[in-house]
Amino acid sequence: MKPYLQATKIIDYDHPSIQTLAKTLAKGKTSDAAIAKACFLFVRDEIHHSGDYKENITTCKASEVLKERSGWCYAKSHLLAALLRANDIPSGFAYQRLSCSEYEPGIYCLHGLNWVYLKAYGWYRVDARGNKEGVDAQFIPPVEKLAFVPQKGEYDIEENFSNPLPEVLETLYRNDSYEKMVGNFPDIEGK
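Residues numbered from 1 in each chain as written. Predicted model: local features only at pLDDT ≥ 70, side-chain atom pairs only at ≥ 80, totals over all residues. Heavy atoms only, no water.

A. Structural detail: the side chain of S177. By secondary structure assignment, the location of S177 is in the loop between α6 (166-174) and α7 (178-181). The class for S177 is buried, based on a relative accessible area of 10%. Here S177 is in contact with N56 and T58, once residues within four sequence places are set aside. (Helix = DSSP H or I, 4+ residues; strand = E, 2+ residues; numbered from the N terminus. Buried < 20%, exposed > 50% of the residue type's maximum accessible area, 1.4 Å probe, protein only. Contact = heavy atoms within 4.5 Å.)

Below is the structure:
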């Protein structure tokens with residue numbers, strides 16, 4: 001489990017703002033599932049999805065996502081992993097390859113979400129991208145209620161990554177605005 005608990009340059013849960021929030025979210029909770037749910041709800045509901053709000057900022061590092069209160073799905077997954085790991089709950093990264101036609105017709109991209117290890121259930125996927133019309137991600141283990149169910153031509157990438165994919169990080173660093181991200185989303189054909 002060690003790789004799924006580590007602080008990194010991106011999952012910087014050693015940052016004071018992450019530490020403070022992680023402790024606040026865990027206060028009074030007696031199980032890892034209750035703490036994980038509080039962290040999930042905070043990221044899902046309190047951090048804007050940059051695409052939904054058309055915000056002209058691209059965040060990547062967990063502490064930056066928290067500071068700006070905004071991030072694409074990938075960045076939101078970085079913050080959720082940091083909050084979970086700060087509370088000693090193993091967390092990894094999951095991806096789906098989905099149609100991104102809502103942004104640009106005919107393109108596919110990766111969608112970022114998280115794996116979380118819960119003592120009562122084992123590894124469980126959650127998606128804190130943020131709800132909107134037609135998207136209703138929930139935390140109801142052991143049932144996965146993700147933002148998206150892959151349709152024809154789309155698929156889940158089954159691997160549990162301990163770190164975000166390099167292609168995702170490169171995209172977030174290279175495209176610093178809404179306009180630059182749209183049409184330049186990370187994608188891995190056939191992974």
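Following the structure, the description resumes.
B. Here's a closer look at the pattern of salt bridges. In total, this model carries 9 salt bridges according to the counting rule given. The partner of D52 in a salt bridge is K132, with the nearest N and O atoms 3.3 Å apart. Here K132 lies in the loop between β5 (122-126) and β6 (138-140) and D52 lies in helix α3 (residues 50-53), a separation of 80 residues in the sequence. Among the residues examined, D52 registers a relative accessible area of 27% and is labelled partly exposed. (Salt bridge = Lys/Arg side-chain N within 4 Å of Asp/Glu carboxyl O.)

C. Just the packing of helix α1 (residues 16-26) against helix α2 (residues 32-46), in detail. Running from amino to carboxyl end, α1 crosses α2 at an angle of 120 degrees, the nearest separation of the two axes being 8 Å. As judged from the angle between their axes, α1 and α2 are oblique. Where α1 crosses over α2, the handedness of that crossing is right-handed. Note on element contacts: α2 touches α1 through I35, A38, C39 and F42, opposite L21, L25 and A26. Among the residues forming the contact of α1 with α2, the class breakdown is 7 nonpolar, no polar and no charged. (Axes fitted to C-alpha atoms, helices over the stretch in contact; angles between N-to-C directions. Parallel < 35°, antiparallel > 145°, perpendicular 65-115°, else oblique. Left-handed = near helix turned anticlockwise from the far one by under 90°. Nonpolar A, V, L, I, M, F, W, Y, C, P; charged D, E, K, R; others polar.)

D. Fine view of the packing of aromatic side chains. What the rule picks out here adds up to 9 aromatic pairs. Relative to W123, the ring of Y117 has its centre 5.5 Å away and its plane inclined at 70 degrees; by these criteria the two rings are edge-to-face. On the basis of relative accessibility, which here comes to 27%, the residue Y117 falls in the partly exposed class. Members of the aromatic cluster, each reached through a chain of ring pairs, are W72, Y103, Y178 and F185. For R125, the ring lying beneath its charged end belongs to W115, and the centroid distance is 5.9 Å. (Phe/Tyr/Trp six-rings, centres within 6.5 Å; stacked < 30°, edge-to-face > 60°. Lys NZ or Arg CZ within 6 Å of the ring centre and 35° of its normal.)

E. Main features of the packing of α2 against helix α5 (residues 73-86). For the pair α2 and α5, the least separation of the axes is 10 Å and the interaxial angle reads 155 degrees. Considered as vectors, α2 and α5 are oriented roughly antiparallel to each other. Regarding α2 and α5, the two cross each other, and that crossing is right-handed. Across from A36, C39, F40, F42, V43 and R44 in α2, the residues of α5 making contact are K76, L79, L80, L83 and L84. Taken together, the residues that form the contact of α2 with α5 break down as 9 nonpolar, no polar and 2 charged.

F. Expanded view of the sheet that holds strand β4 (residues 108-118). Here we have 4 strands laid out as an open sheet, ordered β5-β4-β3-β8, and antiparallel in their pairing. Single-partner strands in this sheet number two, and they are β5 and β8 (155-161). On average, each strand axis in the sheet is inclined to that of its neighbour by 30 degrees, with strand direction left out of account. Relative to β5, β4 is paired through 5 bridges, and the arrangement is antiparallel. (Pairing = 2+ DSSP bridges.)

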